[in-house]
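Chain and residue survey
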Amino acid sequence: MLLSIVIPTFNEAPNIEELVRRVASAVDGAGIEAEIVFVDDSTDATPDVIREVAARVTAERAEGAASTDLPVRLIHRAHATGGLGGAVMAGFAAAESDACLVMDGDLQHPPEEIPELWRRFVRGDVDVVIASRYAGGGTAEGLADRTRVLVSKGATALTRAMFPIRLKDVSDPMTGYFLVDRRTVDGAQLKPRGFKILLEILARRPMRVAEVPFDFADRHAGESKASVRQGVHFLTQLTALRFGKMSLFAVIGGLGAIANIAIVWALTHMDVDYIVAAVIAAEVTIIGNFLLQERFVFQDMRESATGVWQRFAKSFAFNNAEAVIRIPIVALMVSSGHISAVVATAITLVIAFFVRFVFHSLVVYAPRKAGAEQKSPARVLIDELDAQATAPGEL
(Lines give C-alpha, C1' and ligand atoms only; values in the text may rest on other atoms or scores of the structure.)
Protein backbone atom coordinates (compact mmCIF):
# COMPACT_ATOMS: atom_id res chain seq x y z
CA MET A 1 0.00 0.00 0.00
CA LEU A 2 1.49 3.31 -1.10
CA LEU A 3 -1.10 5.84 0.10
CA SER A 4 -3.73 5.84 2.84
CA ILE A 5 -6.49 8.40 2.34
CA VAL A 6 -7.94 9.33 5.73
CA ILE A 7 -11.38 10.93 5.58
CA PRO A 8 -13.02 12.05 8.85
CA THR A 9 -16.79 12.29 8.44
CA PHE A 10 -19.73 13.67 10.38
CA ASN A 11 -23.16 13.35 8.79
CA GLU A 12 -21.98 13.20 5.17
CA ALA A 13 -24.22 10.36 3.92
CA PRO A 14 -25.24 12.12 0.65
CA ASN A 15 -21.58 12.64 -0.33
CA ILE A 16 -20.06 9.20 0.25
CA GLU A 17 -20.93 7.48 -3.05
CA GLU A 18 -19.70 10.36 -5.20
CA LEU A 19 -16.62 10.88 -3.03
CA VAL A 20 -15.48 7.25 -3.35
CA ARG A 21 -16.14 7.28 -7.09
CA ARG A 22 -14.04 10.41 -7.66
CA VAL A 23 -11.23 9.29 -5.36
CA ALA A 24 -11.08 5.94 -7.18
CA SER A 25 -11.00 7.67 -10.56
CA ALA A 26 -8.19 10.01 -9.42
CA VAL A 27 -5.90 7.34 -7.96
CA ASP A 28 -6.56 4.78 -10.71
CA GLY A 29 -5.83 7.34 -13.38
CA ALA A 30 -2.51 8.20 -11.74
CA GLY A 31 -1.55 4.58 -11.01
CA ILE A 32 -1.48 5.12 -7.24
CA GLU A 33 -2.01 2.09 -5.01
CA ALA A 34 -4.26 3.46 -2.28
CA GLU A 35 -6.91 2.78 0.34
CA ILE A 36 -9.64 4.89 1.92
CA VAL A 37 -9.99 4.92 5.70
CA PHE A 38 -13.20 6.61 6.84
CA VAL A 39 -13.21 7.66 10.49
CA ASP A 40 -16.82 8.44 11.24
CA ASP A 41 -18.47 10.26 14.15
CA SER A 42 -21.88 10.61 12.50
CA THR A 43 -25.35 10.55 14.01
CA ASP A 44 -27.06 9.91 10.67
CA ALA A 45 -26.86 7.09 8.11
CA THR A 46 -23.29 7.88 7.04
CA PRO A 47 -21.68 4.72 8.55
CA ASP A 48 -24.33 2.52 6.90
CA VAL A 49 -23.68 4.14 3.53
CA ILE A 50 -19.92 3.65 3.94
CA ARG A 51 -20.43 -0.02 4.83
CA GLU A 52 -22.61 -0.51 1.75
CA VAL A 53 -20.00 1.09 -0.52
CA ALA A 54 -17.17 -0.89 1.11
CA ALA A 55 -19.08 -4.16 0.79
CA ARG A 56 -19.86 -3.53 -2.86
CA VAL A 57 -16.24 -2.71 -3.68
CA THR A 58 -15.06 -5.85 -1.83
CA ALA A 59 -17.57 -8.06 -3.65
CA GLU A 60 -16.65 -6.63 -7.04
CA ARG A 61 -12.96 -7.20 -6.34
CA ALA A 62 -13.63 -10.80 -5.29
CA GLU A 63 -15.55 -11.42 -8.51
CA GLY A 64 -12.91 -9.73 -10.62
CA ALA A 65 -15.49 -7.25 -11.82
CA ALA A 66 -14.26 -4.23 -9.90
CA SER A 67 -13.61 -1.07 -11.86
CA THR A 68 -11.14 -0.02 -9.15
CA ASP A 69 -8.75 -1.72 -6.73
CA LEU A 70 -9.40 0.73 -3.91
CA PRO A 71 -10.13 -0.85 -0.49
CA VAL A 72 -12.61 1.10 1.63
CA ARG A 73 -12.50 0.72 5.42
CA LEU A 74 -14.60 2.23 8.18
CA ILE A 75 -13.81 3.16 11.78
CA HIS A 76 -17.01 4.30 13.47
CA ARG A 77 -16.37 5.98 16.82
CA ALA A 78 -19.08 5.86 19.46
CA HIS A 79 -17.37 8.73 21.26
CA ALA A 80 -15.89 11.54 19.15
CA THR A 81 -12.81 12.02 21.31
CA GLY A 82 -10.75 14.99 20.11
CA GLY A 83 -13.27 15.95 17.45
CA LEU A 84 -12.08 15.96 13.86
CA GLY A 85 -8.45 16.11 14.95
CA GLY A 86 -8.90 13.00 17.05
CA ALA A 87 -10.55 11.28 14.09
CA VAL A 88 -7.56 12.04 11.89
CA MET A 89 -5.17 10.63 14.49
CA ALA A 90 -7.30 7.47 14.70
CA GLY A 91 -7.04 7.21 10.92
CA PHE A 92 -3.26 7.56 11.06
CA ALA A 93 -3.09 4.74 13.60
CA ALA A 94 -5.20 2.44 11.43
CA ALA A 95 -3.60 3.30 8.08
CA GLU A 96 -1.68 0.68 6.12
CA SER A 97 0.74 3.25 4.72
CA ASP A 98 3.02 5.83 6.32
CA ALA A 99 1.98 8.30 3.62
CA CYS A 100 -1.40 9.58 4.80
CA LEU A 101 -3.55 12.02 2.86
CA VAL A 102 -6.25 13.84 4.83
CA MET A 103 -9.30 15.36 3.16
CA ASP A 104 -12.87 16.35 4.02
CA GLY A 105 -15.87 14.23 3.15
CA ASP A 106 -17.97 16.99 1.58
CA LEU A 107 -16.09 17.19 -1.77
CA GLN A 108 -14.94 20.77 -1.13
CA HIS A 109 -11.50 19.18 -1.36
CA PRO A 110 -11.51 17.96 -4.98
CA PRO A 111 -10.18 14.37 -5.19
CA GLU A 112 -8.74 15.23 -8.60
CA GLU A 113 -5.91 17.03 -6.76
CA ILE A 114 -4.70 13.82 -5.07
CA PRO A 115 -2.25 12.90 -7.89
CA GLU A 116 -0.66 16.37 -7.74
CA LEU A 117 -0.20 16.13 -3.97
CA TRP A 118 1.24 12.64 -4.38
CA ARG A 119 3.69 13.66 -7.14
CA ARG A 120 5.03 16.48 -4.97
CA PHE A 121 5.30 14.22 -1.93
CA VAL A 122 7.22 11.37 -3.62
CA ARG A 123 10.02 13.72 -4.56
CA GLY A 124 11.13 12.96 -1.00
CA ASP A 125 12.31 16.38 0.16
CA VAL A 126 9.34 17.33 2.38
CA ASP A 127 7.38 15.88 5.30
CA VAL A 128 4.03 17.37 4.41
CA VAL A 129 2.40 18.68 1.23
CA ILE A 130 -0.41 21.16 1.79
CA ALA A 131 -3.26 21.88 -0.61
CA SER A 132 -3.54 25.66 -0.29
CA ARG A 133 -6.39 27.99 -1.18
CA TYR A 134 -4.04 30.97 -1.02
CA ALA A 135 -0.93 29.83 -2.90
CA GLY A 136 -0.35 30.22 -6.62
CA GLY A 137 -3.63 29.86 -8.47
CA GLY A 138 -5.61 28.51 -5.52
CA THR A 139 -9.03 29.94 -4.69
CA ALA A 140 -11.51 29.90 -1.79
CA GLU A 141 -14.65 30.27 -3.90
CA GLY A 142 -16.35 27.40 -2.06
CA LEU A 143 -16.72 29.54 1.06
CA ALA A 144 -20.38 30.47 1.38
CA ASP A 145 -20.13 34.25 1.23
CA ARG A 146 -17.84 37.26 1.52
CA THR A 147 -18.11 37.21 5.30
CA ARG A 148 -16.75 33.66 5.52
CA VAL A 149 -13.94 34.59 3.14
CA LEU A 150 -12.96 37.52 5.38
CA VAL A 151 -13.22 35.37 8.51
CA SER A 152 -11.06 32.68 6.90
CA LYS A 153 -8.38 35.15 5.83
CA GLY A 154 -8.45 36.89 9.20
CA ALA A 155 -8.08 33.59 11.05
CA THR A 156 -5.21 32.62 8.75
CA ALA A 157 -3.43 35.93 9.40
CA LEU A 158 -3.85 35.55 13.16
CA THR A 159 -2.59 31.98 13.05
CA ARG A 160 0.51 32.91 11.05
CA ALA A 161 1.13 35.81 13.44
CA MET A 162 1.18 33.42 16.38
CA PHE A 163 3.63 31.06 14.64
CA PRO A 164 5.63 33.31 12.30
CA ILE A 165 8.67 31.00 12.18
CA ARG A 166 6.96 27.62 11.94
CA LEU A 167 4.44 28.91 9.39
CA LYS A 168 6.63 31.28 7.41
CA ASP A 169 6.40 29.05 4.31
CA VAL A 170 2.73 28.14 4.82
CA SER A 171 0.03 30.26 3.19
CA ASP A 172 -2.92 28.14 4.36
CA PRO A 173 -2.33 26.51 7.78
CA MET A 174 -6.11 26.25 8.20
CA THR A 175 -6.64 23.83 5.33
CA GLY A 176 -7.83 20.31 6.04
CA TYR A 177 -6.40 18.90 2.79
CA PHE A 178 -2.82 17.68 3.11
CA LEU A 179 -0.50 14.70 2.69
CA VAL A 180 1.92 13.87 5.50
CA ASP A 181 4.42 11.19 6.43
CA ARG A 182 2.87 9.97 9.67
CA ARG A 183 6.32 8.99 10.98
CA THR A 184 7.11 12.71 11.30
CA VAL A 185 4.02 13.28 13.44
CA ASP A 186 4.55 12.83 17.19
CA GLY A 187 1.19 11.47 18.30
CA ALA A 188 2.15 11.65 21.96
CA GLN A 189 2.92 15.36 21.62
CA LEU A 190 -0.26 16.28 19.76
CA LYS A 191 -3.35 17.32 21.69
CA PRO A 192 -6.12 17.19 19.07
CA ARG A 193 -9.07 19.14 20.39
CA GLY A 194 -10.82 20.40 17.27
CA PHE A 195 -10.88 20.57 13.53
CA LYS A 196 -7.52 22.21 12.71
CA ILE A 197 -5.28 19.16 13.01
CA LEU A 198 -2.77 20.46 10.44
CA LEU A 199 -2.13 23.50 12.65
CA GLU A 200 -1.42 21.15 15.58
CA ILE A 201 1.03 19.16 13.46
CA LEU A 202 2.89 22.20 12.11
CA ALA A 203 3.01 24.09 15.42
CA ARG A 204 4.34 21.24 17.55
CA ARG A 205 7.59 20.56 15.68
CA PRO A 206 9.59 21.78 12.65
CA MET A 207 8.33 20.27 9.38
CA ARG A 208 9.58 20.46 5.80
CA VAL A 209 6.62 21.87 3.91
CA ALA A 210 5.55 22.24 0.28
CA GLU A 211 2.30 23.67 -1.05
CA VAL A 212 0.11 22.85 -4.03
CA PRO A 213 -2.62 25.33 -4.99
CA PHE A 214 -6.21 24.09 -5.28
CA ASP A 215 -9.69 25.48 -5.81
CA PHE A 216 -11.84 25.11 -2.71
CA ALA A 217 -15.12 23.84 -4.17
CA ASP A 218 -18.78 24.16 -3.20
CA ARG A 219 -20.25 21.43 -1.02
CA HIS A 220 -21.61 18.52 -3.05
CA ALA A 221 -24.50 17.97 -0.61
CA GLY A 222 -25.45 18.52 2.99
CA GLU A 223 -24.87 21.53 5.23
CA SER A 224 -21.70 23.30 6.30
CA LYS A 225 -20.39 22.46 9.78
CA ALA A 226 -19.01 25.98 10.28
CA SER A 227 -20.55 27.69 13.31
CA VAL A 228 -19.87 30.11 16.13
CA ARG A 229 -19.09 27.10 18.30
CA GLN A 230 -16.43 25.96 15.82
CA GLY A 231 -14.98 29.46 15.92
CA VAL A 232 -14.72 29.30 19.70
CA HIS A 233 -13.06 25.88 19.44
CA PHE A 234 -10.53 27.32 16.97
CA LEU A 235 -9.67 30.29 19.19
CA THR A 236 -9.29 27.95 22.16
CA GLN A 237 -7.01 25.67 20.17
CA LEU A 238 -4.95 28.58 18.87
CA THR A 239 -4.58 30.14 22.32
CA ALA A 240 -3.55 26.81 23.84
CA LEU A 241 -0.88 26.33 21.16
CA ARG A 242 0.55 29.82 21.41
CA PHE A 243 -0.46 30.95 24.89
CA GLY A 244 3.00 31.90 26.03
CA LYS A 245 3.86 34.55 23.43
CA MET A 246 0.46 36.21 23.36
CA SER A 247 0.12 36.23 27.15
CA LEU A 248 3.49 37.95 27.55
CA PHE A 249 2.46 40.49 24.92
CA ALA A 250 -0.72 41.14 26.93
CA VAL A 251 1.14 41.46 30.24
CA ILE A 252 3.56 43.99 28.77
CA GLY A 253 0.63 45.91 27.28
CA GLY A 254 -1.04 45.95 30.71
CA LEU A 255 2.13 47.21 32.39
CA GLY A 256 2.38 49.88 29.72
CA ALA A 257 -1.17 51.02 30.45
CA ILE A 258 -0.40 51.30 34.17
CA ALA A 259 2.80 53.22 33.42
CA ASN A 260 0.89 55.52 31.09
CA ILE A 261 -1.59 56.43 33.82
CA ALA A 262 1.20 56.93 36.36
CA ILE A 263 3.14 59.28 34.07
CA VAL A 264 0.05 61.36 33.30
CA TRP A 265 -0.73 61.60 37.03
CA ALA A 266 2.81 62.65 37.90
CA LEU A 267 3.11 65.27 35.14
CA THR A 268 -0.30 66.85 35.77
CA HIS A 269 0.61 67.17 39.45
CA MET A 270 3.66 69.07 38.24
CA ASP A 271 1.28 71.48 36.47
CA VAL A 272 2.05 70.07 33.01
CA ASP A 273 -0.89 70.51 30.62
CA TYR A 274 -3.01 67.32 30.38
CA ILE A 275 -2.66 67.01 26.60
CA VAL A 276 1.11 67.40 26.80
CA ALA A 277 1.26 64.91 29.65
CA ALA A 278 -0.84 62.41 27.69
CA VAL A 279 1.42 62.70 24.63
CA ILE A 280 4.58 62.26 26.71
CA ALA A 281 3.10 59.28 28.55
CA ALA A 282 2.01 57.63 25.31
CA GLU A 283 5.43 57.99 23.68
CA VAL A 284 7.32 56.80 26.76
CA THR A 285 5.14 53.70 27.11
CA ILE A 286 5.38 52.92 23.38
CA ILE A 287 9.17 52.93 23.68
CA GLY A 288 9.10 50.96 26.93
CA ASN A 289 6.74 48.36 25.48
CA PHE A 290 8.99 47.92 22.45
CA LEU A 291 12.05 47.29 24.62
CA LEU A 292 10.21 44.75 26.79
CA GLN A 293 8.76 42.98 23.73
CA GLU A 294 12.23 42.76 22.23
CA ARG A 295 13.57 41.16 25.38
CA PHE A 296 10.74 38.86 26.46
CA VAL A 297 8.22 38.27 23.63
CA PHE A 298 9.96 38.24 20.27
CA GLN A 299 13.52 37.42 21.36
CA ASP A 300 13.46 34.20 19.29
CA MET A 301 12.64 36.13 16.11
CA ARG A 302 15.15 38.98 16.27
CA GLU A 303 18.00 37.17 14.56
CA SER A 304 16.04 36.52 11.37
CA ALA A 305 14.28 39.92 11.35
CA THR A 306 15.50 43.31 10.13
CA GLY A 307 17.79 45.53 12.26
CA VAL A 308 16.70 46.86 15.63
CA TRP A 309 16.27 50.44 14.42
CA GLN A 310 14.06 49.32 11.55
CA ARG A 311 11.98 47.24 13.96
CA PHE A 312 11.67 50.19 16.31
CA ALA A 313 10.65 52.54 13.51
CA LYS A 314 7.89 50.15 12.35
CA SER A 315 6.62 49.58 15.88
CA PHE A 316 6.74 53.25 16.85
CA ALA A 317 4.96 54.41 13.69
CA PHE A 318 2.27 51.74 13.92
CA ASN A 319 1.47 52.36 17.58
CA ASN A 320 1.16 56.09 17.01
CA ALA A 321 -1.03 55.55 13.97
CA GLU A 322 -3.18 53.10 15.94
CA ALA A 323 -3.71 55.66 18.69
CA VAL A 324 -4.63 58.38 16.16
CA ILE A 325 -7.23 56.05 14.62
CA ARG A 326 -8.55 54.49 17.83
CA ILE A 327 -9.30 57.64 19.82
CA PRO A 328 -11.71 59.15 17.23
CA ILE A 329 -13.44 55.76 17.01
CA VAL A 330 -13.99 55.85 20.77
CA ALA A 331 -15.43 59.35 20.46
CA LEU A 332 -17.74 58.22 17.65
CA MET A 333 -18.96 55.20 19.64
CA VAL A 334 -19.69 57.38 22.66
CA SER A 335 -21.46 60.12 20.69
CA SER A 336 -23.58 57.95 18.42
CA GLY A 337 -23.81 54.51 19.99
CA HIS A 338 -25.04 55.28 23.52
CA ILE A 339 -21.94 53.56 24.89
CA SER A 340 -20.02 54.84 27.89
CA ALA A 341 -16.48 56.08 27.38
CA VAL A 342 -15.13 53.29 29.58
CA VAL A 343 -16.88 50.52 27.63
CA ALA A 344 -15.94 52.05 24.27
CA THR A 345 -12.31 52.36 25.35
CA ALA A 346 -12.26 48.76 26.57
CA ILE A 347 -13.72 47.43 23.31
CA THR A 348 -11.25 49.32 21.12
CA LEU A 349 -8.31 48.36 23.33
CA VAL A 350 -9.15 44.65 23.04
CA ILE A 351 -9.39 44.92 19.25
CA ALA A 352 -6.21 47.01 19.15
CA PHE A 353 -4.39 44.37 21.20
CA PHE A 354 -4.99 41.66 18.58
CA VAL A 355 -4.18 44.05 15.72
CA ARG A 356 -0.92 45.10 17.36
CA PHE A 357 0.05 41.49 18.00
CA VAL A 358 -0.61 40.48 14.39
CA PHE A 359 1.30 43.51 13.05
CA HIS A 360 4.35 42.94 15.22
CA SER A 361 4.49 39.22 14.42
CA LEU A 362 3.99 39.52 10.66
CA VAL A 363 5.60 42.89 9.92
CA VAL A 364 7.93 44.17 12.65
CA TYR A 365 9.59 40.78 13.22
CA ALA A 366 9.08 39.31 9.76
CA PRO A 367 12.11 37.32 8.51
CA ARG A 368 14.48 39.29 6.27
CA LYS A 369 14.21 38.64 2.56
CA ALA A 370 17.13 37.01 0.78
CA GLY A 371 19.92 39.49 0.21
CA ALA A 372 18.95 41.69 3.17
CA GLU A 373 21.55 43.20 5.48
CA GLN A 374 23.79 40.78 7.37
CA LYS A 375 24.85 41.20 10.98
CA SER A 376 28.39 41.94 11.97
CA PRO A 377 30.26 39.17 13.80
CA ALA A 378 30.12 41.25 17.00
CA ARG A 379 26.36 41.63 16.71
CA VAL A 380 25.94 37.90 16.11
CA LEU A 381 28.03 37.10 19.21
CA ILE A 382 26.04 39.51 21.37
CA ASP A 383 22.75 38.03 20.16
CA GLU A 384 23.94 34.49 20.78
CA LEU A 385 24.98 35.33 24.34
CA ASP A 386 21.66 37.07 24.89
CA ALA A 387 19.75 34.09 23.47
CA GLN A 388 21.48 31.73 25.90
CA ALA A 389 20.12 33.79 28.76
CA THR A 390 16.51 33.55 27.60
CA ALA A 391 14.12 30.64 27.23
CA PRO A 392 12.98 30.09 23.64
CA GLY A 393 9.47 31.34 22.97
CA GLU A 394 8.69 29.40 19.78
CA LEU A 395 7.02 26.05 20.21
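This text follows the structure it describes.
For every chain, the first residue of its written sequence is number 1, and the numbers climb from 1 along that sequence. Local features in a predicted model are, by the rule used here, given only for residues with pLDDT of at least 70; side-chain atom pairs are given and counted only at 80 or more, and totals for whole chains, interfaces and linings are based on all residues. Water and hydrogen atoms were dropped before computing side-chain values, which therefore reflect all heavy atoms in the structure.

Topic: the sheet that holds strand β1 (residues 3-9)
Two strands make a pair as long as DSSP finds a minimum of two bridges between them. For the purposes of this entry, the term helix denotes a DSSP run of H or I that reaches at least four residues, the term strand denotes a run of E that reaches at least two, and both are numbered from the N terminus. Pairing in this open sheet of 7 strands is mixed, and the strands run β3-β2-β1-β4-β6-β5-β7 from one edge to the other. The sheet is open, and its two edges are formed by β3 (72-76) and β7 (209-213), each paired on a single side. Taking each pair of neighbouring strands and ignoring which way they run, the sheet shows an average axis angle of 20 degrees. Two strands pair when backbone bridges link them, and β1 and strand β2 (residues 34-40) are joined in this way by 7 bridges, in the parallel orientation. Residue pairing across strands places T9 opposite D40, the latter belonging to β2. With axes taken as lines fitted to C-alpha atoms, and helix axes fitted only over the stretch in contact, angles between N-to-C directions fall between 0 and 180 degrees.

Here we look at the packing of aromatic side chains
Centres within 6.5 Å are what make two rings of Phe, Tyr or Trp a pair, Trp counting through its six-membered ring; a difference in plane orientation under 30 degrees is then read as stacked, over 60 as edge-to-face, and the rest as tilted. Across all of its chains, the model carries 13 aromatic pairs by this definition. A ring pair is formed by F249 and F353, whose centres lie 5.6 Å apart and whose planes are at 55 degrees; its orientation type is tilted. Linking F249 in helix α8 (residues 243-268) with F353 in helix α11 (residues 341-364), this pair joins segments that are 104 residues apart in sequence. Neither F249 nor F353 differs from the other in exposure class; each is buried. An aromatic cluster is built from F249, F298, F353, F354, F357 and Y365, whose rings are joined through pairwise contacts. Under the scheme applied here, a residue whose accessible area is under 20% of the maximum for its type counts as buried, over 50% as exposed, and between as partly exposed, the area being computed with a 1.4 Å probe on protein chains only.

Section: the packing of helix α9 (residues 274-297) against helix α10 (residues 308-336)
At their nearest, the axes of α9 and α10 sit 10 Å apart, and the two run at 135 degrees to each other. One way to sum up the angle between α9 and α10 is to call them oblique. For the pair α9 and α10, the sense of crossing is right-handed. Residues E283, I286, I287, F290 and E294 of α9 form the contact with α10, whose participating residues are V308, R311, F312, S315, F316, N319 and N320. As a working rule, the residues Ala, Val, Leu, Ile, Met, Phe, Trp, Tyr, Cys and Pro are called nonpolar, Asp, Glu, Lys and Arg charged, and the rest polar, with Gly in that last group. Tallied by class, residues from the contact of α9 with α10 come to 6 nonpolar, 3 polar and 3 charged. Should an angle lie under 35 degrees it is considered roughly parallel, over 145 roughly antiparallel, and from 65 to 115 roughly perpendicular; all remaining angles are considered oblique. Left-handed is the label given to a crossing in which the near helix is rotated counterclockwise from the far helix by less than a right angle, and right-handed is the label when the rotation is clockwise. In this description, contact between two residues means that some pair of their heavy atoms is separated by no more than 4.5 Å.

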